[in-house]
Amino acid sequence: MLYKTDFWKNGEVKKYNFEFDSRCPDSIYIPQIKKALEESTSNSLLQQKDCTWAFLGDGRDGYTADRYLFWTSLDTNKVGAGKQIPVLIQTGDGKYYVSETTTGERTKKSEPHKGETYIAVSEQITSRIEYKKFLKAEAKYSTLEEAYDAYIEALAKDEYKGVREKCS
């Protein structure tokens, strides 16, 4: 989906580190991603109501494996900051993982929403080493279907009862 956007095609974001979180108010990038989703003929988890997702990683050419899609069925704005949540992760080279992140508060730095806060799918991640800590071999799956089933199983655990209740 990311590669279908104009900002990706024109090289605008091919810098070392990027983060596009679906909860970011008035992002110039999120509407383009959502437009690509609408134009897609496939059914995507990113289209689920109230889910939160983020594209994160290294935008430079040759670093496809260091790009990530983090997805959760939870509305992180309802969950709140500093809460542990399960996430399904797809790497840029097509691998799937189920992991856990801690939600993080962000403050919008530009107008018209300057100073407005939102809750991102994870705390701030700034290096490849930090991204890789979420990719555990024992939580690696061959297909999206296997990863989704594992995510649903993880979400059902008692430790996530509080975040589930905030989103119901």
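Values in this document were obtained by computation on a predicted structure and should not be read as measured data.

Chemist: Help me out: how do you make sense of unusual backbone geometry in this one?
Modeler: The phi angle at Asp 50 is positive, at roughly 70°, despite the residue not being glycine. For Asp 50, the location among the structural elements is in the loop between α2 (30–39) and β2 (52–57). Accessibility expressed as a relative area gives 34% for Asp 50, which makes it partly exposed.

Chemist: Any chance you could explain the nonpolar core here in plain terms?
Modeler: Grouped burial of nonpolar side chains is what soluble globular proteins tend to show. Counting residues in hydrophobic clusters, the biggest one holds 42 residues, and the most contacted among them are Phe 20, Trp 53, Phe 55 and Phe 70. Of all elements in the fold, only α1 (6–9), β1 (18–21), α2, β2, β3 (67–72), β4 (84–91), β5 (96–102) and α5 (144–155) reach the threshold of two or more residues within this core. Counting residues per element, this core draws most heavily on α5, which supplies five residues.

Chemist: Explanation requested: the layout of surface pockets in the structure shown.
Modeler: Where empty space is left can be seen by rolling a probe of water-molecule size over the atoms. Put simply, the largest pocket is a space of about 620 Å³. Taken together, 21 residues make up the lining of the largest pocket; nearest its centre are Glu 19, Cys 24, Tyr 29, Lys 108 and Tyr 118. For the lining of the largest pocket, the secondary structure elements donating two or more residues are β1 and β6 (104–107). The biggest single contributor to the lining of the largest pocket is β1, with four residues.

Chemist: Where do I start with the packing of aromatic side chains in this structure?
Modeler: Each aromatic ring pair is described using two quantities: the centre-to-centre distance and the angle formed by the ring planes. In total, this model carries six aromatic pairs according to the counting rule given. Taking the centre distance of 5.1 Å and the plane angle of 20° together, the rings of Phe 18 and Phe 20 count as stacked. For Phe 20, a relative accessible area of 4% translates into the label buried. Measuring from ring centre to ring centre gives 4.8 Å for Phe 20 and Tyr 29, while their planes differ by 45°; the resulting arrangement is tilted. When sorted by exposure, Phe 20 lands in the same class as Tyr 29, which is buried.

Chemist: Hey, could you run me through the pairing of β3 in this one?
Modeler: Sheet faces and side chains relate simply in a regular strand, where the side chains alternate between the two faces. Counting buried residues in β3 gives six out of six residues, a clear majority hidden from the surface. Summarising the sheet, β2 and β3 pair through six bridges and their orientation is antiparallel. Across the sheet, residue Ala 54 finds its bridge partner in β3, namely Phe 70. Pairing of β3 with β4 involves four bridges; the strand directions are antiparallel. Residue pairing for β4: Leu 69 is matched across the bridge by Gln 90.

Chemist: How should the pairing of β5 be read in this particular structure?
Modeler: Extensive coverage of β5 is indicated by the burial of six of its seven residues. Relative to β5, β4 runs antiparallel, the two being bridged by seven bridges. Directly across from Val 87, in β5, lies its bridge partner Ser 99. Counting the residues between successive antiparallel strands, the hairpin from β4 to β5 contains four residues, one of them, Gly 94, with a positive phi of roughly 85°. Where β5 and strand β8 (residues 140–141) come together, two bridges link them in antiparallel fashion. Looking at the pairing, Tyr 96 lines up with Tyr 141 of β8.

Conventions and cut-offs
Residues numbered from 1 in each chain as written. Predicted model: local features only at pLDDT ≥ 70, side-chain atom pairs only at ≥ 80, totals over all residues. Heavy atoms only, no water. Helix = DSSP H or I, 4+ residues; strand = E, 2+ residues; numbered from the N terminus. Buried < 20%, exposed > 50% of the residue type's maximum accessible area, 1.4 Å probe, protein only. Core = buried A, V, L, I, M, F, W, Y, C linked by side-chain atoms within 4.5 Å. 1 Å grid on protein atoms, 1.4 Å probe; cavity = no way out; pocket = protein on both sides within 12 Å on 5 of 7 lines; lining within 4 Å. Points joined across faces, edges and corners; volume = space filled by probe spheres on them. Phe/Tyr/Trp six-rings, centres within 6.5 Å; stacked < 30°, edge-to-face > 60°. Pairing = 2+ DSSP bridges.

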